[in-house]
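If you want the building blocks of each chain, they are given just below.
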Amino acid sequence: MSLKRFLPIVLLLLLLGALIYIRQPKTDPQLSRTALVMDTLVEIRAYGDDQSVLDKAISAAFDEMTRLEQLLSSHIPESEISRLSSSWKPLSLSHETIELLKLGQQIAEQSHGAFDMGLGALIKLWDIQGDSPRIPTEQELLRALKGIGPQTLTIDGLEVKKQDSQIQIDLGGIAKGYVVDRSVDILRQYGITSAAVNAGGDIRLLGDKQGQPWQIGIQHPRKAEEILVTLPLKNCAVVTSGDYERFFERDGVRYHHIFDPASGKPARLCQSVTVIAAEAARADALATAAFVLGPQAGIKLLEELPGVDGLLVSAEGKIFKTSGLPE
Ligand code: AMP
Ligand code: MG
């Protein structure tokens, strides 16, 4: 048989192959890695054409998170926050710590004290996350709450002074969000325009996901396997505070890790609060604040702040939301 007879068929097959190749959607390479930072499993997923850039960027982002943890953690004895807690005198701190303390102070004021960075002594007293959690006496609670409030810290330049030398600082309600934000700054420095950082429910989204919004599932506060809602989001932060994250039970009562500074006891009005804002640090602190404030005052606070939205599940399991979110 002559080859000539087959030539049209071969050409047709080649053409078909080329067409199929062109019609294949271009899938951007991505890289995802996890690491333990601040006792939390953190996942960074970044999209881009160059795997080695993604690799370097993610490593640098994790390095930055670990560096900041050394400044901000109250579990690390040499951290700036531990030094501030044990100090009698004004202290000069890094600009990162100052930036975060200032943001925390602002949210403490906006929430009329529902968010409070001076709960270190109270948190140690309950030891919810430790080996021997217990219910303190009223007297112990009163002692641990002495001197707290939005005016606890005076910040002047890089210098911080505590109003009451006894006050212990705890940034557990805001630091994770801040560290997530700074990791995204590092990814950006490497030219990355599409990424998601998830630190145990503190999520920051950089750009979109290959031209589409990211689909962020919000966990049901009482059914661990169930998604309450899925939100299409891009270029923002979404952070959830819940009473199911860290708690112990005694006589059928749940004692969890988000405290009402007014009583020194776990806040009772919510099961969970999700806040959407431009930055994770702000969303983190606002979620803790709205959790303490409860459905009415909590949603009112989120509604009043520009660029902020939220979804709240009350203690009774009823859903409340700001007007910016779809039904
Ligand atoms: P989150 O999971 O962001 O709501 O933060 C909870 C953590 O923030 C707790 O484990 C404490 O370290 C700290 N915290 C608890 N109650 C408050 C509060 N009312 N204001 C600020 N931080 C708090
Ligand atoms: Mg928080």
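Just to check I follow, could you spell out the pattern of salt bridges for this structure?
Oppositely charged side chains can form a pair if their charged atoms are brought close together. Inspection of every chain in the model, using the stated rule, returns 16 salt bridges. A salt bridge links glutamate 138 to lysine 265; its shortest N-O distance comes to 2.7 Å. Residue glutamate 138 is found in helix α6 (residues 138–144), and its partner lysine 265 is found in strand β14 (residues 265–266); the two are separated by 127 residues along the sequence. On the basis of relative accessible area, lysine 265 is assigned to the partly exposed category, the value being 32%. A salt bridge links glutamate 327 to lysine 321; the shortest N-O distance between them is 3.7 Å. Within this structure, Glu99, Arg182, Asp185, Arg188 and Glu279 form a network of salt bridges that share partners.

Please explain the coordination of the magnesium ion (ligand 2) as it appears in this structure.
A four-donor tetrahedral metal ideally has 109.5 degree angles, and a six-donor octahedral metal ideally has angles of 90 or 180 degrees. Within the protein, Gly173 (O), Asp284 (O), Asp284 (OD) and Thr288 (OG1) serve as the donor atoms for the magnesium ion (ligand 2), at 2.0 to 2.5 Å. Sequence positions of the donors to the magnesium ion (ligand 2) reduce to the motif G-x110-D-x3-T. Placement of the pair is aspartate 284 and threonine 288 together in helix α8 (residues 280–293), with a separation of four residues, close to one helical turn. When sorted by exposure, aspartate 284 lands in the same class as threonine 288, which is buried.

How should the sheet that holds strand β15 (residues 270–277) be read in this particular structure?
Across a sheet, paired strands are connected by hydrogen bonds in the backbone, their directions being either parallel or antiparallel. Read from one edge of the open sheet, eight strands run β1-β2-β6-β7-β10-β15-β16-β17, paired in antiparallel fashion. Two strands in the sheet have a free side with no partner beyond their single neighbour: β1 (30–37) and β17 (319–321). Going from strand to strand, the sheet's axes swing by 10° on average, the running direction of each strand aside. Two strands pair when backbone bridges link them, and β15 and strand β16 (residues 309–314) are joined in this way by six bridges, in the antiparallel orientation. Following the sheet pairing, valine 275 is matched in β16 by glycine 310. Along the sheet face, helix α7 (residues 175–189) touches β2 (40–47), β6 (194–199) and β7 (202–206) and points at about 20° away from the line of β7.

Can you walk me through the pairing of strand β4 (residues 153–156) in this structure?
On any regular strand, side chains alternate: one points to one face of the sheet, the next to the other face. Burial of the side chains of β4 is restricted to one face: Leu153 and Ile155 are buried, whereas none of Thr154 and Asp156 on the reverse face is. The pairing of β4 with strand β5 (residues 159–162) spans four bridges and is classified as antiparallel. From the neighbouring strand, aspartate 156 faces β5, where its bridge partner is glutamate 159. A loop of two residues connects β4 with β5, the two strands running antiparallel in sequence, and glycine 157 in this loop sits at a positive phi of about 60°.

Help me out: how do you make sense of the packing of aromatic side chains in this one?
For any pair of aromatic rings, the description consists of the separation of the ring centres together with the inter-plane angle of the planes. The tally for this structure, following the rule as stated, stands at four aromatic pairs. Ring pairing ties together the aromatic residues Trp126, Phe248, Tyr255 and Phe259, which thus form one cluster. The ring of phenylalanine 247 has arginine 254 sitting right over it, with the charged end atom 4.1 Å from the ring centre.

Got a minute to help me understand the side chain of aspartate 164 in this structure?
As for its position among the elements, aspartate 164 is in the loop between β5 and α7. Take aspartate 164: its relative accessible area is 16%, and that puts it in the buried class. A distance of 2.9 Å separates a polar atom in the side chain of aspartate 164 from the backbone nitrogen of glutamine 166. Discounting chain neighbours no more than four positions away, the residues touching aspartate 164 are Lys146 and Gly147.

Sorry if this is basic, but what is going on with the site of ligand 1 here?
Near ligand 1 there are 18 residues, and of these Asp170, Ser241, Phe259, Asp284 and Thr288 occur at the shortest range. Within the side chain of glutamine 129, one N or O atom sits 3.5 Å away from an oxygen atom of ligand 1. Here ligand 1 loses 95% of its free accessible area of 500 Å² to cover by the protein chains. Spatially, ligand 1 is embedded in the largest pocket. A total of three residues in the shell around ligand 1 trace back to one element, the largest contributor, which is α8. Counted by class, the shell around ligand 1 contains eight nonpolar, six polar and four charged residues.

What's the story with the sheet that holds strand β3 (residues 91–92) in this structure? I'm lost.
Strand order in the open sheet formed by three strands is β3-β5-β4, and the pairing between neighbours is antiparallel. The strands lining the two open edges of the sheet, one partner per strand, are β3 and β4. Together, β4 and β5 form the strand contacts of helix α4 (residues 95–110), whose direction differs from that of β4 by roughly 130°.

Conventions and cut-offs
- Throughout, residues of each chain are indexed from 1 in the direction in which the sequence is written.
- To label them, take the chains in the order written and letter them from A, then take the ligands in the order written and number them from 1.
- The predicted nature of this model means local features are confined to residues of pLDDT at least 70 and side-chain atom pairs, given and counted, to a pLDDT of 80 or more, with totals for whole chains, interfaces and linings taken over all residues.
- Based on all heavy atoms of the structure, the side-chain values leave hydrogens and waters out of the count.
- Salt bridges are counted wherever a side-chain nitrogen of Lys or Arg sits within 4 Å of a carboxyl oxygen of Asp or Glu.
- The helix and strand labels rest on DSSP assignments: H or I over at least four residues marks a helix, E over at least two residues marks a strand, and numbering proceeds from the N terminus.
- Exposure is judged per residue with a 1.4 Å probe applied to protein chains only, and the accessible area is read against the type maximum: over 50% gives exposed, under 20% gives buried, and values in between give partly exposed.
- With water omitted from the atoms examined, metal sites may look incomplete; donors here are N, O and S atoms no farther than 2.8 Å from the metal, or 3.2 Å in the case of Na, K and Ca.
- Two strands qualify as a pair provided DSSP detects at least 2 bridges between them.
- Helix axes use the C-alpha atoms of the stretch in contact, all axes being lines fitted to C-alpha atoms, and the angles between their N-to-C directions lie in the range 0 to 180 degrees.
- Contacts are residue-level and defined by heavy atoms, with any inter-residue pair within 4.5 Å sufficient.
- Any two rings among Phe, Tyr and Trp, with Trp reduced to its six-membered ring, count as a pair given centres within 6.5 Å; such a pair is stacked if its planes are under 30 degrees apart, edge-to-face if over 60, and tilted if neither.
- Over a ring means this: the NZ of a Lys or the CZ of an Arg is within 6 Å of the ring centre and within 35 degrees of the ring normal.
- What qualifies as a polar contact is a pair of N or O atoms within 3.5 Å, subject to a donor-acceptor requirement within protein and to the restriction that residues adjacent in sequence count only when both atoms come from side chains.
- It suffices for a single heavy atom of a residue to lie within 4 Å of a molecule or strand for the residue to be listed as near it.
- What sets the accessible areas is the Shrake-Rupley method with a 1.4 Å probe; for residues, cover comes only from the shown protein chains.
- Here a cavity denotes a set of grid points, spaced 1 Å apart and computed over the protein atoms alone, in which a 1.4 Å probe fits but from which it cannot get out, and a pocket denotes an open set meeting protein on both sides within 12 Å along at least five of seven lines; residues with an atom within 4 Å of a point are reported as lining.
- Pocket occupancy is defined atom-wise: a molecule lies in a cavity or pocket when more than half of its atoms are within 2 Å of its grid points.
- Each residue gets one of three labels, nonpolar for Ala, Val, Leu, Ile, Met, Phe, Trp, Tyr, Cys and Pro, charged for Asp, Glu, Lys and Arg, and polar for the others, Gly among them.

Bear in mind that shape data such as this cannot, by itself, settle questions of function.
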